[in-house]
Amino acid sequence: MDATVAEYIRRTVLKMPKDEIKMMLQKWGFLSEAQLQTLNFHQIKDNISHEVVQLCEENSADIKQAAALDIIYNHIYQNKRMWSVYQMKKSGEEDEYFDIADFKKKFKRRIRSALKNVTITFKEYEDNAIWIRVAWGTPYKKPNQYKPSYVVYHSQTPFIFISASMLKSNLPLLCQALIVASNYHDIREMELRSHSLNSLKDIVFKRYSQNFETYTPKPLQGGNVEPENADIRIIHENGREKERIHRLNQEAFGSGPQPQLEFAQYKLETMFKSGPKMDVLDKKEPFRCLVKFSSPHLLESLKSLAPAGMADAPLSPLLTCIPHKARNYFKIREKKKSFVSP
Amino acid sequence: ESADPQQTAFALRKAWTLYSVTPLHRFRRSRLSDYARLLSAFIAAEKQKGLAVEVGVELDIKVALSSLAELRGSELDQAALLVQLSSRSRASSKNSEDKLVWSGWFCSMFGDELSENVPENFTCLPLFLTHGAESYTSLVGSWFQKTFDCCFRRLAISPLNLSWMVAMWAGYKLERAASAVELVFSMPCLSQPLDISYAIHPEDAKALWDTVQKTPGEITQGEVDVFMDCLYAHFHRHFKIHLSAAKLVKVSTGIASAHCDGIVKILHSQYLPGVLMLLTELAISQIQ
């Protein structure tokens, strides 16, 4: 077995939490159940990884199998990576029948026609997700197995999720290969990024509960709102305000759980407008700002701002539009004033 | 008035943790090498007792104390006092260089308010800045407390003081392209914590401050309030969020940055005295 393959397998095993190694090796399926029985999972990880490498040696593992193990680890720990979303466009109208073998063949051919030194690995999952792992080399160097790119593609959709960690120069090639293989003609990057791959899928596949504009909620007749927070000190006035905020929040965010995003970024290039009494800045140039919101669960925290009294209800559409516009990077310019001819 | 760049270079571009210190009793400037020796012995003894927690390679700690005559504001200020802890691994050869593992310095920049009112035999250096492992800070602090009967307290920086700093620093002119004027807010009491970073192009922030400040060289609380209100209003216009209800935890400009936990980084030697003066004032308020 190649020494670099052995080292790569050893390091991959070391990344795994000790109590999950057995499960991942079983999923991998490269070592027999009998071989797995011989492993002592109670020793330190360093020793476990060496034993695993020895067994792989017996089975003559090559880079293909090592790459497959890496996909298994990264599929389970997908949230350790940052994912960007791309959308493909078709020229024709028809939905052609998707042939996975054809897809793989075309993808590999396109990449290899430009770059010989690559390792390409595929794995299909039950939810129709196709995972692709690409390790990149150069015309003169073997592929770097430690900085592969991961692509996740659901064939019934035009969306591609990419976790890069590669030279920017390889990205165009990767995108090209994807559209060629899937019979699309164009691909563009969406302004949507997150560690939570499932949340990105929720957003672009519209799997979260949204507000539907045609739905008009029944006006709440006092006493129906958040019974668990019933605070007898809240008088009727405040009670009505709470209801109003709750209703507006529901309209904006929907009533189900929100997709999990960690940040949203706004590049503001709007004019500064001072308050009526302030004798301050009155430039003709934009007031340039960069605003970044971060949270372990951004949409849930934004949803709780108005009820906490930290924001007005309804919250700004700049924030509430994040899921249905499927973006968390924005550039905001001043709206052009329209002239009304007399 | 600008201090010798050699003397002040160590202070720049490092994150310093701030403390206030009460006046030192019977501190003699002439005995610095004695003090260095005593502190060194103290550290070695504490390590024997197993109290210093540097795991790994056995290290000998060397202590150096020096006076920085240039780092002071007025004639009434004491010169700054620098303490440096270096290590030399016992395993390596005699020729290997010492590695600086911790530094701390005592300073008074226009701290007349305090020094005017202390009896003889007391040395006023109300501001203490440290950089390095907490365990060393603890050791050095304990020794100074025992030896000079003084008291150290972490110096937190309130949102009010942070807003003074950002308003003041935003107004300074910088020759080269400077970094953004950034305010970081935290909103902890929600279902999920939320942090907001609000970064303004330095030219635009300065332009705003210039229209707010009425008298050059002088800043009033009212002007700082107007500046902050403008920033809050611009933010509210876009996001409908009341930043004034959030906690200002960090401010950052091309001059310096400051965090509410009492951590400061100064980037420009030209503005070092100004920043130190502000911090000295905060330290003195905490002592009194």
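Residues numbered from 1 in each chain as written. Chains lettered and ligands numbered in written order. Predicted model: local features only at pLDDT ≥ 70, side-chain atom pairs only at ≥ 80, totals over all residues. Heavy atoms only, no water.

## Overview of the overall build of chain A
So, step 1. Assigned secondary structure in chain A consists of 12 helices and nine strands.
So, step 2. Taken over 342 residues, chain A has a buried fraction of 45%.
So, step 3. Roughly 19,100 Å² of accessible area belongs to chain A as shown, and the carbon and sulfur atoms make up 52% of that amount. (Helix = DSSP H or I, 4+ residues; strand = E, 2+ residues; numbered from the N terminus. Buried < 20%, exposed > 50% of the residue type's maximum accessible area, 1.4 Å probe, protein only. Areas by Shrake-Rupley, 256 points an atom, 1.4 Å probe, with all protein chains shown as cover.)

## As for the nonpolar core
So, step 1. Ile9, Tyr266 and Phe293 of chain A together with Trp105 of chain B are the most contacted members of the largest nonpolar core, which totals 132 residues.
So, step 2. Here the element with the most residues in this core is helix α7 (residues 221-239) of chain B; it accounts for eight residues.
So, step 3. If near-sequence neighbours (up to four positions away) are discounted, Ile9 of chain A is found in contact with Trp28, Val52, Val53, Cys56, Ala61, Ala66 and Leu69 of chain A.
So, step 4. In this structure, Phe27, Ile43, Tyr136 and Phe152 of chain B belong to the second largest nonpolar core, which totals 28 residues. (Core = buried A, V, L, I, M, F, W, Y, C linked by side-chain atoms within 4.5 Å. Contact = heavy atoms within 4.5 Å.)

## So, the interface of chain A and chain B
So, step 1. If you look at the interface, chain A gives 40 residues, while chain B gives 35 residues.
So, step 2. When the two sides are added together, the surface that chain A and chain B hide from each other amounts to roughly 3,100 Å², 63% of it contributed by carbon and sulfur.
So, step 3. Remark: the boundary between chain A and chain B carries three salt bridges.
So, step 4. Residue Glu334 of chain A is joined to Arg237 of chain B by a salt bridge in which the shortest nitrogen-to-oxygen separation is 4.0 Å.
So, step 5. Counting residues per element, the ones that place at least two in the side of chain A that touches chain B are β7 (263-271), β8 (286-294), α10 (298-303) and α11 (317-320) of chain A. (Buried area = accessible area lost by both parts, 1.4 Å probe. Salt bridge = Lys/Arg side-chain N within 4 Å of Asp/Glu carboxyl O.)

## Notes on the domain arrangement of chain A
So, step 1. Partitioning chain A into structural domains gives domain 1 (3-78), domain 2 (83-205) and domain 3 (239-276 + 283-336).
So, step 2. Computed from C-alpha coordinates alone, the two centres of domain 1 of chain A and domain 3 of chain A are separated by 45 Å. (Domains from an automatic or database assignment.)

## Describing helix α7 (residues 171-182) of chain A
Residues and elements named next belong to chain A.
So, step 1. Given a rise of 1.5 Å per residue, 12 residues ought to cover 16 Å, and the 17 Å separating the end C-alpha atoms of α7 matches this to within 8%.
So, step 2. Among the 12 residues of α7, nine are classified as buried, and the element is accordingly described as predominantly covered.
So, step 3. Listing the buried residues of α7 in full gives Leu171, Leu173, Leu174, Cys175, Ala177, Leu178, Ile179, Ala181 and Ser182.
So, step 4. Buried residues along α7 sit in contact with β1 (83-89), α6 (100-114), β3 (129-136), β4 (149-154), β5 (159-163) and β6 (186-194).
So, step 5. Positioned one or two residues after α7, Asn183 has a phi angle of 65 degrees, which is positive. (Expected span 1.5 Å × (residues − 1).)

## What about the packing of aromatic side chains?
So, step 1. Tallied over the full model, the rule gives 41 aromatic pairs over all chains.
So, step 2. Among the aromatic residues, ring-to-ring pairing joins Tyr19, Phe27, Tyr35, Trp102, Phe106, Phe128, Trp143, Phe144, Phe148 and Phe152 of chain B into one connected group.
So, step 3. Over the aromatic face of Tyr125 of chain A sits the side chain of Lys123 of chain A, whose NZ or CZ is 5.3 Å from the ring centroid. (Phe/Tyr/Trp six-rings, centres within 6.5 Å; stacked < 30°, edge-to-face > 60°. Lys NZ or Arg CZ within 6 Å of the ring centre and 35° of its normal.)

## Focus on the pattern of salt bridges
So, step 1. Inspection of the entire model under this criterion finds 21 salt bridges over all chains.
So, step 2. Its salt-bridge partner being Asp102 of chain A, residue Lys106 of chain A comes within 3.1 Å of it at the nearest N-O pair. Taken together, the positions of Lys106 of chain A and Asp102 of chain A, both in helix α6 and four residues apart, correspond to about one turn of that helix.
So, step 3. The partner of Asp204 of chain B in a salt bridge is Arg288 of chain A, with the nearest N and O atoms 2.9 Å apart. Placement of Asp204 of chain B in helix α6 (residues 202-212) and of Arg288 of chain A in strand β8 is noted, with the two residues assigned to different chains.
So, step 4. The exposure class assigned to Asp204 of chain B is buried, which follows from its relative accessible area of 2%.
So, step 5. Assessed through its relative accessible area of 32%, Arg288 of chain A is described here as partly exposed.
So, step 6. One network of salt bridges, in which partners are shared, links Glu7, Arg10, Arg11 and Asp46 of chain A.

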